[in-house]
Amino acid sequence: MSIASLHSSIRRSVGEVLLWVKEAVECSDNCVIRIVPIDGGGESAARQVVLDAFAPLGVEGEGLARFNLVALHVPASADIQAVKQWHYEEGCVTDEWRAAG
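From a predicted model like this one, the values you see are computed outputs, not experimental measurements. (Residues numbered from 1 in each chain as written. Predicted model: local features only at pLDDT ≥ 70, side-chain atom pairs only at ≥ 80, totals over all residues. Heavy atoms only, no water.)

1. Let's talk about the overall build of the chain
The secondary structure content of the chain amounts to three helices and six strands. Written out in order from the N terminus, the α and β elements of the chain read β-β-β-α-β-β-α-β-α. By the burial criterion, 34% of the 101 residues in the chain qualify as buried. Considering only contacts within the chain whose residues lie at least 6 apart along the sequence, 45% involve residues at least 24 apart. Accessible surface for the chain amounts to roughly 6700 Å². Of this, 52% is attributable to carbon and sulfur atoms. (Helix = DSSP H or I, 4+ residues; strand = E, 2+ residues; numbered from the N terminus. Buried < 20%, exposed > 50% of the residue type's maximum accessible area, 1.4 Å probe, protein only. Contact = heavy atoms within 4.5 Å. Areas by Shrake-Rupley, 256 points an atom, 1.4 Å probe, with all protein chains shown as cover.)

Next up, the structure:
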């Protein structure tokens, strides 16, 4: 499970090639969720359909071709109820996210 989202403060360690998150020092009010699109006319197009559907909700993200998934940044100001209408996997969520039915 991820421990940080956009604008979180973290402690990190430096590996040979990668930076590793050690702990969250201060968490933001943002959430991260992931969606694996299954429809939409091809993998790239399907990822874009998801991104386009979330844009009006104030949610941004990126499509990851390697895993055919979309990682979404859900700011605290987003309509969490509307976002939760989708089938998603939680990456990093807040208490407010959990409390929203």
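2. Brief notes about the nonpolar core
In this structure, Phe54, Val59, Leu72, Val74, Val83 and Trp97 are the most contacted members of the largest nonpolar core, which totals 16 residues. Apart from the residues within four sequence positions on either side, valine 59 is in contact with Phe54, Leu72, His73, Val74, Pro75, Ala78 and Val83. (Core = buried A, V, L, I, M, F, W, Y, C linked by side-chain atoms within 4.5 Å.)

3. Re the side chain of asparagine 68
Tracing the sequence through the fold places asparagine 68 in the loop between strand E4 (60-64) and strand E5 (69-74). Apart from the residues within four sequence positions on either side, asparagine 68 is in contact with Val36, Pro37, Glu43 and Arg47.

4. Some words on the pairing of strand E3 (residues 31-35)
For E3, a buried count of four out of five residues is recorded, marking the element as mostly surrounded by other parts of the structure. Where E3 lies against E5, five bridges are found, and the strand directions are antiparallel. Its bridge partner being in E5, cysteine 31 is matched across the sheet by valine 74. Inspection of the sheet shows E3 paired to strand E6 (residues 89-92) by three bridges, in the antiparallel sense. (Pairing = 2+ DSSP bridges.)

5. Remarks on the sheet that holds E4
Reading across the sheet, the four strands line up as E4-E5-E3-E6 and stay open at both edges, with antiparallel pairing between neighbours. At either margin of the open sheet sits one strand with a lone partner, and together these are E4 and E6. Within this sheet the neighbouring strands show an average axis-to-axis angle of 25°, counted without direction. Pairing geometry for E4 and E5, over five bridges, is antiparallel. Paired with glycine 63 across the strands is valine 70, a residue of E5. The strands touched by helix H1 (residues 43-54) are E3, E4 and E5; relative to E5, the strand with the most contacts, the crossing angle is about 15°. (Axes fitted to C-alpha atoms, helices over the stretch in contact; angles between N-to-C directions.)

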